[in-house]
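# Coordinates in review
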Amino acid sequence: MFANKLETIQELQWHEVRHEVAKTNSTLAKIIDELDPSPEYTLFKVKYHFGSEILKNGYLYIPNANNELVPLSSTPAKIQDKLSYNNFTNPVSLVLNNAVEFFLVVGENTIPLYGLIRPGKIFGTWRILNPQETHSPAFIWDMTAGARSIFMLPKIAESAKYSKLQRTFQLRSEKPTSLLDHWNIFKGMANHPEFGESWSVDVLFFTKKWFECLNDKEWNDLKVYLLEVAWKSSEFFRNQFMWNLAFSLIQKEYNLKPNPYTVDIVKHLLAMGIGAMPGFASALDDSAAPIRRLQEFFVTIYQLNEYAPIIMQPQFFSLENPRSIYYSLQYPTTIEFSPKSRESSTKIFDLYQIKSLLSRYFSEIRLDRLNLKGTPIYELLDSVKFDFFHTDPENYSGIRLSKEIPVEDPTFFEQLIDGASRNFPVNSPFIRGCVRIAAK
């Protein structure tokens, strides 16, 4: 069996948590070591189990005296005073192990805003660095322990098979009707005694005391470090208006009047190509969820006999580690939501329109009449490729068969339970109309 699934909270001094921080972020640990903070500079270390909602409707949830998750506003006044300096949303935080995800739920999908936040990543700094004039709202996104934007690639909605899973893990969730439903199933399984394995993430919350002297000379190194982190993480969003201007000028030059829905997706694909927004890829380890254990039970209990139990999760593209990522028309993750001009259009038609507009953009960018040379969007022309897939390409030029995906991307069969002897789920809704972003 596994350890108690209750969430836990500890208030610690720097010397009690220094070693864990140093393992994941040695630069930050060195800066704090030099500060040599006194005992009143405490930190809260909170253990959350898979699927726990750390932020819900923008509000922070932490364990109470009974180790049950409650809103920060329901905790003792002493804790509230130490952690509520960011308007009751998450204080400045550091992930110590595994991962968390910031996201928005929109319709039947999630938008993984910053992908998976992994160990050593500090976040929640924007408000404390500019408390008088922040444009960052506190109550938009949610955050979970482990991935929220996670789903099984093959279909798992066969009634008889799902009933076995439901009985074994006493799942309250009915059989899934969309990919968004898969997380509830995974969460129910992972937190049931029959699962036999415990998955958790430790998050470190800095208390208010740490930022009361941030403008003092002695604290300058810490302030500069936080500013550098915030500056780097906001690079794309600070320049997004220039992207929009460039795209508008291209459309004017070509006298294009594209479907706004298509424009939103093309801009999002380009953002994915420069590593600014995440796409999806198959899970290769347990850092975002107890992946291998989930796969094992879908094979042995659900009896997913024909297809490989591939689980998808958010993934950024990077030329330094050029693993392919995917965008699906079935699981839109754009951060702009223009409606379709033609509600009756098919997925294959939409895919072709996206491909055509992307090609037009590339042609104009390569001419460099907008002086984009030297920017990430210009450089991706020679380093990144976009491939378009559908299960039935019909006569649409340049749209490839979905069954070619696993031939060129073997990562779908890595780290799987008996994955090599099973088929790629080519008829998955996610695959039926998707775009792959890969290194050239």
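Our structure's up above, just so we're on the same page.
Read on for an overview of the structure. Note that the coordinates shown come from a computational prediction; the quantities given were computed from them, not determined experimentally. (Residues numbered from 1 in each chain as written. Predicted model: local features only at pLDDT ≥ 70, side-chain atom pairs only at ≥ 80, totals over all residues. Heavy atoms only, no water.)

Moving on, we get to the environment of Glu 336. Within the element layout of this structure, Glu 336 appears in the loop between strand S16 (325-328) and helix H12 (347-367). Along the primary structure Glu 336 and Gly 273 are separated by 63 residues, whereas in three dimensions their C-alpha atoms are 17 Å apart. Beyond its immediate sequence surroundings of up to four residues, Glu 336 is in contact with Asp 264 and Lys 267. (Helix = DSSP H or I, 4+ residues; strand = E, 2+ residues; numbered from the N terminus. Contact = heavy atoms within 4.5 Å.)

For an α-helix, 3.6 residues make a turn, and residues three or four places apart therefore share a direction. Listing the buried residues of helix H5 (residues 159-169) in full gives Lys 161, Tyr 162, Leu 165, Gln 166 and Phe 169. One side of H5 holds all its buried residues, which, seen down the axis, span an arc of 140°. Exposed side of H5, more than 90 degrees from the buried face: Ala 160 and Arg 167 are the residues found there. On its buried face, H5 is in contact with helix H6 (182-190) and helix H11 (291-300). (Buried < 20%, exposed > 50% of the residue type's maximum accessible area, 1.4 Å probe, protein only. Arc of directions from axis to C-beta.)

This paragraph deals with the pairing of strand S3 (residues 53-56). Here two bridges tie S3 to strand S11 (residues 142-145), and the two strands are oriented antiparallel to one another. Looking at S11, one finds that Leu 55 is bridged to Met 143. Of the strand pairs in this sheet, S3 and strand S4 (residues 59-63) are connected by two bridges, and their pairing is antiparallel. Residue pairing in the sheet places Lys 56 in a bridge with Tyr 59 of S4. (Pairing = 2+ DSSP bridges.)

Let us look at the pairing of strand S19 (residues 434-439). Extensive coverage of S19 is indicated by the burial of five of its six residues. Where strand S17 (residues 384-390) and S19 come together, six bridges link them in antiparallel fashion. Each residue of the ladder has a partner; that of Asp 387, found in S19, is Arg 436.

A separate point is a nonpolar patch on the surface. Residues Phe 241, Met 242, Leu 245 and Leu 249 make up a contiguous nonpolar surface patch of about 390 Å² in total accessible area. Mapped onto the elements, Phe 241 comes out in helix H9 (residues 240-254). (Patch = residues over 30% accessible without salt bridge, like charges linked within 9 Å, V, L, I, M, F, W, Y side chains within 5 Å. Areas by Shrake-Rupley, 256 points an atom, 1.4 Å probe, with all protein chains shown as cover. Salt bridge = Lys/Arg side-chain N within 4 Å of Asp/Glu carboxyl O.)

A few words now on the nonpolar core. Of all hydrophobic cores here, the largest spans 52 residues; its most connected members are Tyr 48, Ile 54, Val 100, Leu 165, Met 189, Phe 205 and Phe 298. Of all the elements, H6 adds the most residues to this core, at five residues. Filtering out sequence-adjacent residues up to four positions away, Val 100 remains in contact with Ile 54, Val 95, Gly 115, Leu 116, Ile 117, Phe 123, Met 143, Thr 144, Ala 145, Gly 146, Val 201 and Val 203. (Core = buried A, V, L, I, M, F, W, Y, C linked by side-chain atoms within 4.5 Å.)

Our focus in this paragraph is the packing of aromatic side chains. For the structure on display, the rule yields 24 aromatic pairs. Taking 5.5 Å as the distance between ring centres and 45° as the angle between the ring planes, the aromatic pair formed by Tyr 85 and Phe 211 counts as tilted. Residue Tyr 85 is found in the loop between helix H3 (77-83) and strand S6 (93-95), and its partner Phe 211 is found in the loop between strand S13 (200-206) and helix H7 (220-233); the two are separated by 126 residues along the sequence. Residue classification places Phe 211 among the buried positions, given a relative accessible area of 15%. Both rings, one in Phe 151 and one in Tyr 331, keep their centres 5.1 Å apart while their planes meet at 25°; by these two values the pair is stacked. Residue Phe 151 is found in strand S12 (residues 151-152), and its partner Tyr 331 is found in the loop between S16 and H12; the two are separated by 180 residues along the sequence. The exposure class of Tyr 331 is buried, given its relative accessible area of 1%. Among the aromatic residues, those joined into a cluster by ring pairs are Tyr 41, Tyr 85, Phe 206, Trp 210, Phe 211 and Trp 219. (Phe/Tyr/Trp six-rings, centres within 6.5 Å; stacked < 30°, edge-to-face > 60°.)

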